[in-house]
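# Breakdown of the fold
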Amino acid sequence: MTDSNRIKRRQFLQTAGLGAASAILGSGCAQVKPSPANSHETPRLGLGPHKPNVLVIMTDQHRADLMTCAGRDLVPTPNIDRIASRGVRFNNAYCPYPVCVASRMALLTGLYAHSTGAITNRDNLDWRYRTMANHFAENGYLTGLVGKMHFVDAHNHGFEYYMSINDWLMYLGPKAQHYANEIANHPLGPNFFKTVDDSGAGLPDIDGLWLRGSPWVGNVEKWNFDNMASPLEAEDHLDSFIAREAGKFITRYREQPFFLVTSFMKPHSPFYPPRQWAEKYPVDKIKLPEVGDISQYPQHIQRRIRNRAAMGEKRQRAHRAGYLGNLAFVDTCVGYVYDALENEGLLDNTIVVYTADHGEMDGDHGLYQKFCLFEPSVRVPLIVSYPRYLPENKVTDALTEYIGLYPTLSELAGLEAPERTTLHDIPGAPRRIDAASFADVLRNPNLKGPSAAFSEYNLRSRICEYMIRTRRYKYIYNHGSPSGVPRTTHELYDHEADPGEFVNRINDPTMKKVRDRLRDRLFAWYNPEKNPYRPQA
């Protein structure tokens, strides 16, 4: 290692916890430009002399309540908090499907997964669907995507500038061995050691790339989960690479309107943060949440809980330790991108969004990752900031579906509302997007917003799950049941009395009217009996 490289690495580590962008983004950024003196004024959106830029910062699998600005300091998130301090944070934002591909493709198209068929992590979005990127490109924006979107195939879906995980793997070169080891040593996914194939974590970035199986099989180390420190230096992590490249994009294209999605991998697996962040959450110090009584939950949920418990507490603690360290690290990377925007003097003319594709159970009910309709899995962080044009440092309790970002950002940017759902005809495709704008809530965070939010999961399985969430209740309709179980178990939770969703009141006779009303409304949204993806008996 050269002295120069040592200095760069030391500078990165010294400044990482402070949110300074210079070590990772370089020193060529412009100085911060002062805000206009009349910053209290609120001009009409989209009608200024310049189109506003749009910067969407996404992380993967970020649980909504794990932010300091949300009142929980288990993992300090000073950089995400900075965005929240200059915008509106949503307490009750929901993803449409707690799986990467389905949620992300719904966000891009404004269509639910049952509308497009992009459901599992092996489904690709039909290239003929029109996306948010297509919409902004057609309205004069340079569209960019840096990082993960889990497209599964090689289509860019409207992003004219695209740097994918494959570009990072080229940057890594021989160090990709370390990443393969991390993929193979998933704490709660022992099968990954046999396959070393996880397109959800970007190895490979395009699903099915290795026709004869992963070339890494038999060429990876087996770890014992005593600690979760990555062997990669901090600057070599994917999220560092994404932060640097997003900063370059902002600097390079600062003179023209851009629509940039900066999409980080963490806190999603691999659960191996750089050493400095891993040491903040040692495996042997991690405490696991109490599981509680699981007897009221559906059989398929009980089975998942038992399967996780059978893996042992050490693996569960390792998962949680790695997840928390990942979140602490990715907050730093978020800060680098926000610093780049600020250093270029673009904050006043940029709509900034922070969100994630789904949440993380983090041990609640004995569950980890996502793959269910409990709150920690389907509720997501959502912050929208547009200084001078929208309220700052506000919080709203309005129910919100995050796929509404498509029409919301169009409205804030002064564009026509998206009308076409396709670029070319697709038989049976919806004529209008499903998503609704929530710009009115951004302008007035005290509004109640819609009366319900919806989500769905497992549409290609024998147990399909559908959710309606109102301000007080959550009703889950589980369509189907495990083999040998004669009946379906639905779920009903009263969030006023039971915010942790520990008491399933579906069979409570005093709740019959509530249950029936919610069921009818859920079926009005989407009738599970019409799901064409569910396997036939």
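Report on the accompanying structure.

This part takes up the sheet that holds strand β1 (residues 53-60). Within a beta sheet, neighbouring strands are joined by backbone hydrogen bonds and run either parallel or antiparallel to one another. Taken in spatial order, the eight strands line up as β4-β3-β5-β1-β6-β7-β2-β8 in an open sheet, and their pairing is mixed. The strands lining the two open edges of the sheet, one partner per strand, are β4 (161-163) and β8 (394-401). In this sheet, neighbouring strand axes are inclined to one another by 15 degrees on average, regardless of whether the strands run parallel or antiparallel. Examined bridge by bridge, strand β2 (residues 87-94) and β8 share six bridges and lie parallel to one another. Bridging across to β8, Asn92 finds its partner in Leu399. Seen against the sheet, helix α4 (residues 100-109) touches β1 and β5 (258-267) and runs at an angle of roughly 165 degrees to β1.

Our next topic: the pairing of strand β7 (residues 379-385). The buried count for β7 comes to seven of seven residues, which makes it a mostly enclosed element. The two faces of β7 match: Arg379, Pro381, Ile383 and Ser385 on one face and Val380, Leu382 and Val384 on the other face are all buried. Pairing geometry for β2 and β7, over six bridges, is antiparallel. For Arg89, the partnering residue across the bridge sits in β7 and is Ile383. Examined bridge by bridge, strand β6 (residues 350-356) and β7 share four bridges and lie antiparallel to one another. Bridged to Val352 within β7 is Ser385.

Our focus in this paragraph is the sheet that holds strand β10 (residues 464-470). Strand order in the open sheet formed by four strands is β9-β10-β11-β12, with antiparallel pairing between adjacent strands. If you trace the sheet from one side to the other, it starts and ends with β9 (452-457) and β12 (491-494), each paired once. Across the sheet, the mean angle from the axis of one strand to that of its neighbour is 10 degrees, orientation sign disregarded. Strand direction decides the pairing type here: β10 and strand β11 (residues 473-479), joined by six bridges, are antiparallel.

Reading guide: rules and limits
- Residues numbered from 1 in each chain as written.
- Predicted model: local features only at pLDDT ≥ 70, side-chain atom pairs only at ≥ 80, totals over all residues.
- Heavy atoms only, no water.
- Pairing = 2+ DSSP bridges.
- Helix = DSSP H or I, 4+ residues; strand = E, 2+ residues; numbered from the N terminus.
- Axes fitted to C-alpha atoms, helices over the stretch in contact; angles between N-to-C directions.
- Contact = heavy atoms within 4.5 Å.
- Buried < 20%, exposed > 50% of the residue type's maximum accessible area, 1.4 Å probe, protein only.

Coordinates in, geometry out; function isn't part of it.
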